[in-house]
Amino acid sequence: GLAVSLIYENGKFVRGATRGDGFVGEDITQNLKTISSIPLSLIRRGAGGEVPTHLEVRGEALMSKKILARLNLANEKEGKPLFANTRNAAAGSLRQLDPELAKQRRLDFVAYDLIEATLCAPTTKLQNHSEKHEMLRNLGFKVEKLEAKCENLEEAIFFIEKFKKIRPNFPYGTDGIVISADDLKLQEILGVVGKAPRFMAAFKYPAEKATTIVKDVFFN
């Protein structure tokens, strides 16, 4: 999919942009509003019931394998080029200028981080990354259920191997697992280089392989 940032003011979705170079991205607000899993208004569930006055959420706008198959079938019937994969299809859908076309692509959104939250009254400060996920769920965002809080590296490796078995049947295309330090104070100490955080690492599964035959070569 495509990494995006969502801005909420007083519980209302006001702006959405691509990650870009980490500092400047493209404004794709109108296209993001067509994604049903992005709440346009926030209602806080659970303890407190308070909606932040200012909120920045980061996540992935993506397309399921099932929707890609339907889209390519329609394109084939109409003689249009086929999309190579869900990532290209999702990114192209959000970067084009017609929100109606973006709506037809039936994209999804999964939140994975809460960058900034300003509350009306001081409350208990979040201590862990996993608590961010819980707050995102309470605010109405979809957060991937396949996650694990691991006490050591062996548990992390076990989760990686577990997901490897179900990965072929996973509804979305994925190339790896993100491992993050849960302690937010530790994240702050480790810091960020460019747009690459030192407190997160991505384990990538081996690329899918296939055999092809070169039938002919033309020289010019």
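Our structure's up above, just so we're on the same page.
Residues numbered from 1 in each chain as written. Predicted model: local features only at pLDDT ≥ 70, side-chain atom pairs only at ≥ 80, totals over all residues. Heavy atoms only, no water.

**Student:** Explain helix H6 (residues 153-166) here, please?
**Tutor:** Given 3.6 residues per turn, any residue in an α-helix points the same way as the ones three and four places further on. Between its terminal C-alpha atoms H6 stretches 21 Å, which fits the 20 Å expected from 14 residues at 1.5 Å a residue. Looking only at H6, the buried set comprises Ala-156, Phe-159, Ile-160 and Phe-163. For H6, the angular spread of the buried residues around the axis is 100°, confining them to a single face. What points out from H6, more than 90 degrees from its buried face, is the exposed set Glu-154, Phe-158 and Lys-165. In this structure Asn-152 caps H6, since a side-chain oxygen of it lies 3.2 Å from the backbone nitrogen of Glu-154. (Helix = DSSP H or I, 4+ residues; strand = E, 2+ residues; numbered from the N terminus. Expected span 1.5 Å × (residues − 1). Buried < 20%, exposed > 50% of the residue type's maximum accessible area, 1.4 Å probe, protein only. Arc of directions from axis to C-beta. Polar contact = N/O pair within 3.5 Å; in protein donor to acceptor, adjacent residues only side chain to side chain.)

**Student:** Hey, could you run me through the packing of aromatic side chains in this one?
**Tutor:** Aromatic ring pairs are described here by two measures, namely the spacing of the ring centres and the angle between the planes. Evaluation of the coordinates by the stated rule reveals six aromatic pairs. With 5.4 Å between their ring centres and 40° between their planes, Tyr-8 and Phe-13 make a pair best called tilted. Since its relative accessible area comes to 0%, Tyr-8 is described here as buried. Ring geometry for Phe-170 and Tyr-172: centres 6.4 Å apart, planes at 65°, overall edge-to-face. On the basis of relative accessible area, Phe-170 is assigned to the buried category, the value being 15%. A relative accessible area of 17% places Tyr-172 in the buried class. (Phe/Tyr/Trp six-rings, centres within 6.5 Å; stacked < 30°, edge-to-face > 60°.)

**Student:** What's the story with the sheet that holds strand S2 (residues 12-18) in this structure? I'm lost.
**Tutor:** Strand pairing in a sheet takes place through backbone hydrogen bonds and is either antiparallel or parallel in direction. Reading across the sheet, the four strands line up as S2-S1-S3-S4 and stay open at both edges, with antiparallel pairing between neighbours. In this open sheet, the two edge strands, each paired with only one partner strand, are S2 and strand S4 (108-118). Across the sheet, the mean angle separating the axes of adjacent strands is 25° when strand polarity is ignored. With nine bridges joining them, strand S3 (residues 54-62) and S4 adopt antiparallel strand pairing. By the bridge assignment for S4, Val-57 is matched with Leu-114. Running over the sheet, helix H5 (residues 129-138) touches S3 and S4 and is turned about 110° from S4. (Pairing = 2+ DSSP bridges. Axes fitted to C-alpha atoms, helices over the stretch in contact; angles between N-to-C directions. Contact = heavy atoms within 4.5 Å.)

**Student:** In this structure, what is going on with the nonpolar core? I would like to understand it.
**Tutor:** One broad rule of soluble globular proteins: the nonpolar side chains tend to lie buried together. Membership of the largest hydrophobic core comes to 30 residues, with the highest contact counts inside it found for Leu-6, Leu-32, Phe-109 and Phe-141. Contributing elements (two or more residues each) for this core: strand S1 (2-9), S3, helix H2 (65-77), helix H3 (86-95), S4 and H5. Non-local contacts of Phe-109, meaning those with residues more than four positions away in its chain, are made with Val-4, Leu-6, Ile-35, Ser-37, Ile-38, Val-57, Arg-58, Gly-59, Glu-60, Ala-61, Phe-141 and Lys-142. The next biggest cluster of nonpolar side chains, apart from the first, holds nine residues, and it includes Leu-62, Val-110, Phe-159 and Phe-163. (Core = buried A, V, L, I, M, F, W, Y, C linked by side-chain atoms within 4.5 Å.)

**Student:** Would you mind showing me how to read the pattern of salt bridges here?
**Tutor:** Side-chain pairing between opposite charges can occur once the charged atoms of the two side chains come close. Following the criterion strictly, the structure yields 10 salt bridges and no others. A salt bridge links Glu-56 to Arg-58; the nearest nitrogen and oxygen atoms lie 3.3 Å apart. Using a relative accessible area of 35% as the deciding quantity, one classes Arg-58 as partly exposed. For the salt bridge of Arg-137 with Glu-134, the shortest nitrogen-to-oxygen distance reads 4.0 Å. Here Arg-137 and its partner Glu-134 are both found in helix H5, three residues apart, which amounts to about one turn of the helix. For Arg-137, a relative accessible area of 23% puts it in the partly exposed group. (Salt bridge = Lys/Arg side-chain N within 4 Å of Asp/Glu carboxyl O.)

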